[in-house]
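Close look at the chain arrangement
These are the residues of each chain, in order.
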Amino acid sequence: MKGIFFAFLAGAFITLQGVANTEISNDIGTWQAATITQLTGFIVALLILMFTREKKYQGFTQVKPLYLVGGTFGAVVVFSNVTAIQHIGVTFTVAVILIAQLCLTFIIDSNGWFGLTKQKMKLPQFIGIGMMIAGVLILRF
């Protein structure tokens, strides 16, 4: 239940962030909005880290360098999200993002990339993704 709650929270805040960033970008530009978002996110995360009990800094040396730059994806996420919202609106943007996330996670799971256990994909998973794509197409037209 905790996982569902945080997934719902993440989805809600991704949408709120996208709308807010789009408004910011209308005034100062998209990359400027991405910069402000990443900076304020870093500051908030740092403040939370300072007040939490879990401080495992020595583990940084054990993390593969590829994973340490994962936060840089955030800049592309913000820029792409803002640009998409400006062109196709919030609802369709979020729908397409969900499809993209599901398709990529489907590939990651089925291939066992990033050290994850390989998952066998069956017909119901293919049907589910197909139904979501059909739903997005219906939503758009």
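Relevant structure appears above.
Conventions we followed
- Residues numbered from 1 in each chain as written.
- Predicted model: local features only at pLDDT ≥ 70, side-chain atom pairs only at ≥ 80, totals over all residues.
- Heavy atoms only, no water.
- Helix = DSSP H or I, 4+ residues; strand = E, 2+ residues; numbered from the N terminus.
- Buried < 20%, exposed > 50% of the residue type's maximum accessible area, 1.4 Å probe, protein only.
- Contact = heavy atoms within 4.5 Å.
- Areas by Shrake-Rupley, 256 points an atom, 1.4 Å probe, with all protein chains shown as cover.
- Lys, Arg positive; Asp, Glu negative; His and termini not counted.
- Charge placed at Lys NZ, Arg CZ, Asp CG, Glu CD.
- Expected span 1.5 Å × (residues − 1).
- Axes fitted to C-alpha atoms, helices over the stretch in contact; angles between N-to-C directions.
- Parallel < 35°, antiparallel > 145°, perpendicular 65-115°, else oblique.
- Left-handed = near helix turned anticlockwise from the far one by under 90°.
- Nonpolar A, V, L, I, M, F, W, Y, C, P; charged D, E, K, R; others polar.

This part covers the overall build of the chain. What the chain contains, in helices and strands, is 6 helices and 0 strands. Moving toward the C terminus, one meets the helices and strands of the chain in the order α-α-α-α-α-α. Its C-alpha atoms give the chain principal-axis dimensions of roughly 45 × 45 × 30 Å. Counting over 141 residues, the chain shows a buried share of 17%. Long-range contacts, defined as pairs at least 24 residues apart, comprise 60% of the intrachain contacts of the chain with a sequence gap of at least 6. Approximately 10800 Å² of the chain is accessible, and the part contributed by carbon and sulfur atoms is 73%. Placing the 9 positive and 4 negative side-chain charges of the chain at their respective mean positions leaves the two points 18 Å apart.

Attention now goes to helix α5 (residues 90-111). Along its 22 residues, α5 runs 32 Å from first to last C-alpha, staying within 8% of the 32 Å computed at 1.5 Å per residue. What α5 keeps buried is the set Phe-92, Thr-93, Ala-95, Ile-99, Phe-106 and Ile-108. Following α5 by one or two positions, Gly-112 adopts a phi angle in the positive range, close to 70°.

Once that is clear, we can look at the environment of Ile-85. Along the chain, Ile-85 falls in helix α4 (residues 73-88). For the pair Ile-85 and Asn-21, spaced 64 residues apart in sequence, the C-alpha to C-alpha distance is 9.6 Å. With residues near it in sequence (within four places) discarded, Ile-85 still touches Gly-18, Val-19, Thr-22, Val-90 and Thr-93.

This brings us to the packing of helix α1 (residues 2-28) against helix α2 (residues 30-51). For the pair α1 and α2, interaxial distance at closest approach is 7 Å and the crossing angle is 130°. Taken together, the axes of α1 and α2 lie oblique to each other. Handedness of the crossing formed by α1 with α2: right-handed. In contact with Gln-17, Asn-21, Ile-24, Ser-25 and Ile-28 of α1, α2 contributes Thr-30, Gln-32, Ala-33, Ile-36 and Thr-37. Its residues placed into classes, the contact of α1 with α2 shows 4 nonpolar, 6 polar and no charged.

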